[in-house]
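# Coordinate inspection notes
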Amino acid sequence: MSSTIAAMPEPGRRAKSRRRRELREVTLLIATFAVIFGVGLLRPSFMSFSNLEFMVLSSVVLGLVGISQTFVIMTRGIDLSVSAVLGLSAMVFGLLSTTNNMPVWQALPLCMLVGAVLGCFNGFLVAWAKIPPIIATLGTYSLYGGLTFIYSNGLQVDQVSQDFENFGNANLIPGLPIPTPVIALLIVSVFAWFVLNHMKYGRNILAIGNNASAAYNAGISVRRTLLGVYTISGALAAFAGLIFVAYTGSATATTGTGDHVELQSIAVALIGGTAIAGGRGNLAGTVIGSVFLSVVITALVFLQVPAIWYSAGEGAMILIAVTLGARQGAKS
Amino acid sequence: MKSLLFGGVWDRALALILIALFAGFCVFTPGFYNGFQGTLSITEEFLPFGFVALGLSVVILTGGIDLSVGSISGLAAVIMAILVKSYGLNIWAAVVIAVAVGGVLGWVNGLIITRLRVEPLIATLATNFIYSSVAVALAGASPPYGFGAAFGVLGTGAVVGWVPVQLLIFVVMAIGFSVLMTRTGFGRRIVMIGYNRDAAHYAGVSVASVERRAYVISGLTAAFAGIILASYYDAVRPDMGDILLLTSITMVVLGGISIFGGEGGILGVTLAVMILGVLRQGMLIAGFSDMVTTMLTGAILLSSIAIKNLFSSRGFDLGAAVRRFTALRRPAKS
Amino acid sequence: MSRATGLLSAAGIDKSFGSNRVLRSVSLTLAPGELHTLMGENGAGKSTLFRILAGIHQPDAGQISLDGGPLELRNPCAAYDHGIYLVPQEPALLKELSVAENMFLGMLPTIGRFPARIDWKTIRVKAQDALATLGLDVDVRDDAKHLSIAQQQLVECAKALLRGCRIILFDEPTSPLTSREVGILFGNMRRLREQGCTLGFISHRMDEVTEISDRVSVLRDGAVTDEVDRGGFDRARLVRAMVGRELIFDRKRAHRQPEGEPVLSVRGLAHEPVFSGVDFDVRPGEILGFSGLIGAGRTEIAEAVCGLRAKSAGTVTLSGKDITKSSIGDIIAAGLVYVPEDRARHGVILPMSIRDNATAGQIGRLQRKTGILNRKREVEIATDTIARYRVRARGINQPVGQLSGGNQQKVVFGKWMSTNPKIAILDEPTRGVDVGAKDEIYKLIEELSAQGMAIIVISSELEELIALCDRVIAIYAGKIAAELHGADITAARVGAAFLGAGTH
């Protein structure tokens, strides 16, 4: 028997990378609590139950688009159109609830279908027409945003049906004080985690992000995987839009796009530890990151920091996350 | 050979499209044709996009992209307005300073991209939001307006009675950029970097330095566009540049410049500027909403690239195609 | 899905990349259970042949057959299905995924129907077992980016075994390995052979080849020149098959020994761990050769001298001026140019015209004060290049990508020589160039040196070095192994030096 090649000097390197990932998640959690308590000291109403509930619910919307963005970024792509899809969904289904009395259980699958179709078009542009994701989704961002304007025709959603309102605000299981949207996010997160870690499709996504030609040579269908990723992204964004309009009861033609939700979703994915170059994702980080960002934004509102600085802050966060992430990737 | 011929073919096709489009609108849209002078004055509505497109072309030719042009133009306009209204500076001095600020912002973009090694996409996406926040902050609740007739000449004035000042400036700039790209060492280096960054490096080109200059140029033209808009509306708003990005990128791509760098020229971009401008104005006059035109622009953007991909002179093997759809995202080490 | 245990043969394989003819009617047979080695110089076509056998490239002509039945391998997956696996020269493991997952890429086993869950347990167990049979003690759950090259190679082997492949081809696996790692690799290869696998192996290194091979096929310029069985291994015979060819030009170098101050002085140049302790001088009019294997460090040394690569230590002086820290542009302006090895990636910009490429090395010099290029001078340089180097083209505006390899190389030459350098480093100047153009390039090199230019020629073709050089430095594993002058420059001596014979 030939001698063995020595084991690597530090046993359990995988444990190390997992520890690093957990460190990030823990750091984010600590940071979130730090902000909550810190701002709470200055403005006690920040820690009131209703505000906490508010922050949690707004992180649901952000978390959903964050998850879609995470999937896309893992394939080395980017999806700028998520905010437009969100806005379109919010407007369309908000209106449908009031004017057409569409019940929630009908609206839900329908909105995800619409989102899937819109996302599928993105996927087609990227995987078949070979248009770089940034340009493709920039184009569809304007297309879908325009559709929202046309559909709404100047209308706004000021209220939604009781049905919708319940969906957005009430607790799903009586007695358990967890609003439905939160449960929805939990279900989606678990499902996303399952797909990513325990299904071939999810592993294909990571393989493509690492090295698309090696994945192709190994027999993975790159085109179909990409198509699927953007489709999922669209469906989740639409779902997020539905939850948004159900929870807030309002939607305008600039919902989503106005707050630059696409930028927020990218920030949330990057802060959560997903690598911008693709091939490495952190769903838990994204979800915690969305709670963190949501808390931070609410805190800024409470501290009466002018709204204009929010997107600057998000932009700065992205730059920092990318620069630090690059260093970390090089080190490990 | 194919790309050279194609460059010619693409330009010629654009020229034909422009003529057909213009003629079509004249015939089918009442109110479109308003006499010779009226027709020329239409250009005032869309030339700001063209200014941005010229600078953006330089960046895209290197294989990069600048998503912050909209916010730079808004910020420059706001800075100019504040300098004039709050500090009493001479308007022309303020204009020069504002444009210079645009250059500085572009230089910051360049630093982030070349020194911090953040890819242009993410870097300018992030700086876009940072600059726009600064613009909103500076503008305050009621941004200044009313800058006087002399300033207004830039945006709305005419030379010799019927040639709009904007058009004159644009033509001069277009010629200047064309000379820059085809006849100067700088332009040659830009194209080399766009086609083959490594080979340019081996030939002794200081790639990082040239790229930074490209982003400075983009910032300068964006700022200038903001100034023109300020002159046209005789007012500034921090978000007045937001609409510039999508249309300008479309003008560059429709003009035949490859999104991956290297290929394409200013003549095509100039024609594309006219085409998209005429299209925009014609549709507005015909009664379509602004939104529809924006959507149409998005559609044109996507189709131009798709068509260009079909006829790409870089060959079409799957390996290259697989690499290309991630092409705008460069690896951390290039 | 047949698991091949039999004969894999290729007959009459032709392959060209663009105008570059890499394989000419090559035939090869891998008998079951043998370890068959391909030898040859850089660019002889060995990698390409293996890649064709593994389905990565498709031949332009010729037929591959397995057990007598014809085979069409459109992609690597088809090759896997027939039991053929190529361990690539540069391992392509996905860095962020675990070793186990890498090994099962594209064939992850699942449990259940809906949803079909990935069977991580089986993956881990089978992967760990596969590695154990190869003696690799690595936790398969670790990320692939933590593995050394030697470990990655073994993982690739394991991948092959997991797919049930019995024909495993190794594309130059030993170049990046230490001798201990080579020993381990060979042990595994022997074991695989005992188990009935058929192995293909590419190497330059004579001692490795004689140690492990059952049969050796030698490729030269895309054709098989010799096939030897184990009993008949004779170093001289192999070297001759690899490099010996009739001298296509009857050039007897005058072997000058120029006097005077060196135009280039290099002292203590190092870039750990690639090379270290490099010292040499070059005088005007002298032609110095760098010989060595791929990976020995010659290109890296040249790149470090020219500012294209960082140095960890050492100084470089050009005509008395210290250029150790200078930028590439400054070095070019000072009179030192580098004609790169990888022509398509670093030498020419394929979509640009001959004129643009020919002037690419001196854009600064061609600029007037306004920044505008001197068009007249550009045209002059380009036209001169075409004329002087006899470039076969339609005109200076033709895109360089349309020219043949040899003509492209001439344009690259023209680009650099038109800057009138004091010294030029030519890295594999005749690679991928046909015989006629080669001769022209040799004449050019001699002319230039006669005019006083100092030249360094990096080459893997012994004959080239023998014919051209006044002095030859042999580089082995990043260090200067030998320096030969004048009449000492013979195939035997140089070959021995760069193949490492007699060293360590």
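Check the entry above for the structure.
Note that the coordinates shown come from a computational prediction; the quantities given were computed from them, not determined experimentally.

With that settled, consider the overall build of chain A. Each helix and strand in chain A was counted, giving 13 helices and zero strands. The secondary structure elements of chain A, listed N-terminal to C-terminal, are α-α-α-α-α-α-α-α-α-α-α-α-α. For chain A, whose C-alpha radius of gyration is 20 Å, the value lies close to the compact-globule estimate of 20 Å for 332 residues. With the principal axes as the frame, chain A shows a C-alpha extent of 75 × 50 × 40 Å. Scored against the burial criterion, the 332 residues of chain A give a buried share of 57%.

For interface size, the figure often reported is the accessible area lost on association. On the chain A side, the residues contacting the 40 residues of chain B number 39 residues. Breaking the side of chain B that touches chain A down by element, the ones donating at least two residues are helix H5 (120–139), helix H13 (290–310) and helix H14 (318–324) of chain B. Among the elements that take part in the side of chain B that touches chain A, H13(B) stands out by supplying 12 residues, more than any other. Partitioned by chemical class, the residues of the side of chain B that touches chain A number 28 nonpolar, nine polar and three charged.

Quick look at the packing of helix H3 (residues 82–99) of chain A against helix H5 (residues 133–152) of chain A now. Residues and elements named next belong to chain A. In the contact formed by H3 and H5, the axes pass within 8 Å of each other and the chain directions differ by 15°. The angle between H3 and H5 falls in the class roughly parallel. For the element pair H3 and H5, the recorded crossing hand is left-handed. Residues Ala84, Val85, Gly87, Leu88, Met91 and Val92 of H3 touch H5, and the partners they reach there are Tyr141, Tyr144, Gly145, Leu147, Thr148, Tyr151 and Ser152. Broken down by class, the residue content of the contact of H3 with H5 amounts to nine nonpolar, four polar and no charged.

Right, let's get into unusual backbone geometry. All names here are of chain C. If you check the backbone angles, Arg390 has positive phi at about 50° while not being a glycine. Its location among the elements puts Arg390 in the loop between helix H14 (375–388) and helix H15 (405–417). According to the C-beta neighbour criterion, Arg390 is partly exposed, with 13 such atoms within 10 Å. For Asn420, which is not glycine, the phi dihedral falls at a positive 50°. Within the element layout of this structure, Asn420 appears in the loop between H15 and strand S19 (423–427).

This brings us to the sheet that holds S19(C). All names here are of chain C. Read from one edge of the open sheet, six strands run S18-S19-S20-S15-S21-S22, paired in mixed fashion. The two strands at the open ends of the sheet, each matched to only one other strand, are strand S18 (336–339) and strand S22 (479–485). Ignoring which end each strand starts from, the neighbouring axes of this sheet average 15° apart. By the bridge criterion, six bridges tie strand S21 (residues 471–476) to S22 in an arrangement that is antiparallel. Following the sheet pairing, Ile473 is matched in S22 by Glu483.

In this section: the nonpolar core. B:Met80, B:Ile227 and C:Ile168 are the most contacted members of the largest nonpolar core, which totals 370 residues. Here this core gets 18 residues from one element, more than from any other, and that element is helix H10 (residues 222–248) of chain A. For this core, the two domains that each supply at least three residues are domain 1 (8–93 + 147–243) and domain 2 (264–498) of chain C. In this view, B:Ile227 contacts B:Ala76, B:Ala77, B:Met80, B:Val95, B:Ala98 and B:Val99; residues no more than four positions away in its chain are not counted.

Here the focus is helix H6 (residues 162–169) of chain A. Residues and elements named next belong to chain A. All of the buried residues in H6 are Phe164, Phe167 and Gly168. Around the axis of H6, the buried residues are gathered within 90° of arc, so they sit on the same side. Structurally, H6 contributes buried residues whose contacts are with H3, helix H4 (104–127), helix H7 (180–198) and H10.

Further remarks concern the sheet that holds strand S6 (residues 84–87) of chain C. All names here are of chain C. The sheet built from six strands is open, its strands ordered S6-S9-S10-S3-S11-S12 with mixed pairing. Looking at the sheet topology across the chains shown, the edges are occupied by S6 and strand S12 (223–229). Averaged over neighbouring strand pairs, the angle between their axes works out to 20° when direction is ignored. Helix H5 (residues 149–162) rests against S6 and strand S9 (167–170) of the sheet, and its axis sits at about 175° to S6. On top of the sheet, helix H6 (residues 179–194) reaches strand S3 (35–40), S9 and strand S10 (198–202); it is set at about 150° to S10, its chief contact.

Now for the interface of chain A and chain C. The interface is formed by 25 residues belonging to chain A together with 32 residues belonging to chain C. Among the elements that take part in the side of chain A that touches chain C, helix H8 (residues 200–210) of chain A stands out by supplying five residues, more than any other. Across the side of chain A that touches chain C, the residue classes break down as nine nonpolar, 11 polar and five charged.

Turning our attention to the environment of C:Ser276. All names here are of chain C. Tracing the chain through its elements places Ser276 in strand S14 (residues 275–282). For the pair Ser276 and Ile354, spaced 78 residues apart in sequence, the C-alpha to C-alpha distance is 38 Å. Apart from residues lying up to four places away in sequence, Ser276 is in contact with Ala270, Gly478 and Lys479.

Quick look at the pairing of strand S13 (residues 264–271) of chain C now. Residues and elements named next belong to chain C. Pairing analysis gives five bridges linking S13 to S14, with the strands arranged antiparallel. Looking at S14, one finds that His271 is bridged to Phe275. Here five bridges tie S13 to strand S16 (residues 313–318), and the two strands are oriented antiparallel to one another. By the bridge assignment for S16, Leu264 is matched with Leu318.

Looking now at the environment of B:Phe51. All names here are of chain B. The topology assignment puts Phe51 in helix H2 (residues 35–61). As a C-alpha pair, Phe51 and Ile305 span 254 residues in sequence and 21 Å in three-dimensional space. Discounting chain neighbours no more than four positions away, the residues touching Phe51 are Phe170, Met173, Thr221, Phe224, Ala225 and Ile228.

Attention now moves to the environment of C:Gly361. Positionally, C:Gly361 belongs in the loop between helix H12 (354–358) and helix H13 (363–366). Distance in space between the C-alpha atoms of C:Gly361 and C:Val337 is 8.9 Å, their sequence separation being 24 residues. Beyond its immediate sequence surroundings of up to four residues, C:Gly361 is in contact with B:Ala203, B:Gly204, C:Ile332, C:Val337, C:Lys415, C:Trp416 and C:Thr419.

How each quantity is defined
Residues numbered from 1 in each chain as written. Chains lettered and ligands numbered in written order. Predicted model: local features only at pLDDT ≥ 70, side-chain atom pairs only at ≥ 80, totals over all residues. Helix = DSSP H or I, 4+ residues; strand = E, 2+ residues; numbered from the N terminus. Rg over C-alpha atoms; globule rule 2.2 N^0.38 Å. Buried ≥ 20, exposed ≤ 12 C-beta atoms within 10 Å, placed from the backbone. Contact = placed C-beta atoms within 7 Å. Nonpolar A, V, L, I, M, F, W, Y, C, P; charged D, E, K, R; others polar. Axes fitted to C-alpha atoms, helices over the stretch in contact; angles between N-to-C directions. Parallel < 35°, antiparallel > 145°, perpendicular 65-115°, else oblique. Left-handed = near helix turned anticlockwise from the far one by under 90°. Pairing = 2+ DSSP bridges. Core = buried A, V, L, I, M, F, W, Y, C linked by C-beta atoms within 7 Å. Domains from an automatic or database assignment. Arc of directions from axis to C-beta.

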